[in-house]
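Here is how the chains run, residue by residue.
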Amino acid sequence: MWSSDDLYFMRLALDEAEQAARKDEVPIGAILVVEGQAAGRGHNSPVSLCDPSAHAEIQALRDAAGYLRNYRLGGATLYVTLEPCLMCFGALIHARVARVIYGASDPKVGVSRLLPALESAQLNHASEFKGGLLEPECRAQLQAFFKAKRAQS
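Residues numbered from 1 in each chain as written. Predicted model: local features only at pLDDT ≥ 70, side-chain atom pairs only at ≥ 80, totals over all residues. Heavy atoms only, no water.

Chemist: Go over the overall build of the protein chain with me, naming the residues and quoting the values.
Modeler: Helix and strand counts for the protein chain come out as six helices and five strands. Ordering the α and β elements of the protein chain from the N terminus gives α-β-β-α-α-β-α-β-α-β-α. Principal-axis analysis of the C-alpha atoms places the extent of the protein chain at approximately 45 × 35 × 35 Å. The burial tally for the protein chain puts 45% of its 153 residues in the buried class. As displayed, the protein chain offers around 8,100 Å² of accessible surface, 54% of which is attributable to carbon and sulfur atoms. Positive and negative charge centroids in the protein chain, built from 16 and 17 side chains respectively, lie 3 Å apart. (Helix = DSSP H or I, 4+ residues; strand = E, 2+ residues; numbered from the N terminus. Buried < 20%, exposed > 50% of the residue type's maximum accessible area, 1.4 Å probe, protein only. Areas by Shrake-Rupley, 256 points an atom, 1.4 Å probe, with all protein chains shown as cover. Lys, Arg positive; Asp, Glu negative; His and termini not counted. Charge placed at Lys NZ, Arg CZ, Asp CG, Glu CD.)

Here it is as structure tokens:
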């Protein structure tokens, strides 16, 4: 079901998430791939950057757009360790990202449960969303972070 490239890039996203955890940020990482190459990387940074939009997906989009000198990222695939939220979904649509592959689902703010309603909105672009890639590893990383946080309280 998953290609060796899919596994490779999600493991890079897990590495990005680990960087977030080391900064005491929620461990979410993202890699944006264009033509088989990692063109953008990002990890959660809203606390350290004092920026509510500094989600891993947004950081990867910014990195790739700067690298490619184009905000349109048609044909790209985003690998992210946690299902994107509605804000990130909007940015992915505006950037024209073709595929979004995520690890763990997010039942609280994940966008996948909203996709049927959003499809009827006749958006100017549609991305393929697929979840569950390395889901146990992605979920374990998040659970370990929050368990450590609770132990500190």
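Now that the structure has been shown, we can carry on.
Chemist: How would you explain the nonpolar core if you had to name every residue and give the values?
Modeler: M10, L32, L73, L78, V97 and F129 are the most contacted members of the largest nonpolar core, which totals 38 residues. At the level of secondary structure, the elements contributing two or more residues to this core comprise α1 (4-22), β1 (29-34), α3 (56-68), β3 (77-82), α4 (86-95), β4 (99-104) and α6 (135-152). Look past the residues within four positions of F129 in its chain and what remains in contact with it is P84, F89, L92, V100, Y102, V111 and L115. (Core = buried A, V, L, I, M, F, W, Y, C linked by side-chain atoms within 4.5 Å. Contact = heavy atoms within 4.5 Å.)

Chemist: Break down the pairing of β1 for me, with residues and values.
Modeler: Summarising burial for β1: six of the six residues are buried, a large majority. What you see with β1 is no split at all: G29, I31 and V33 on one side and A30, L32 and V34 on the other are buried throughout. Remark: two residues form the turn of the hairpin made by β1 and strand β2 (residues 37-43), two consecutive strands paired antiparallel; E35 in that turn has positive phi of roughly 50°. The pairing of β1 with β3 spans four bridges and is classified as antiparallel. (Pairing = 2+ DSSP bridges.)

Chemist: Help me get a handle on the environment of E57, residues and values and all.
Modeler: Secondary-structure assignment places E57 in helix α3. When the C-alpha atoms of E57 and A13 are compared, they prove to be 10 Å apart, with 44 residues separating the residues in sequence. If we skip the residues at most four places from it in the chain, E57 touches A30, L78, V80, L82, E83, P84, C85 and C88.

Chemist: Any details on the environment of S53? Residues and values, ideally.
Modeler: Note on placement: S53 falls in the loop between α2 (46-49) and α3. For the pair S53 and C88, spaced 35 residues apart in sequence, the C-alpha to C-alpha distance is 8.4 Å. Every residue in contact with S53, bar those within four places of it in the chain, is listed here: I58, R62 and M87. Here R62 takes part through its side chain, which lies 3.2 Å from a polar atom of the side chain of S53. (Polar contact = N/O pair within 3.5 Å; in protein donor to acceptor, adjacent residues only side chain to side chain.)

Chemist: I'd like to hear about the sheet that holds β4, residue by residue, with values.
Modeler: The five strands are arranged β2-β1-β3-β4-β5 in an open sheet whose pairing can be described as mixed. Each edge of the open sheet is held by one strand with a lone partner, namely β2 and β5 (128-131). On average, adjacent strands in this sheet sit at an angle of 15° to one another, irrespective of strand direction. Of the strand pairs in this sheet, β4 and β5 are connected by four bridges, and their pairing is parallel. Note on β5: the bridge partner recorded for Y102 is G131. Helix-sheet contacts for α3 involve β1, β2 and β3, and the interaxial angle to β2 is about 140°. (Axes fitted to C-alpha atoms, helices over the stretch in contact; angles between N-to-C directions.)

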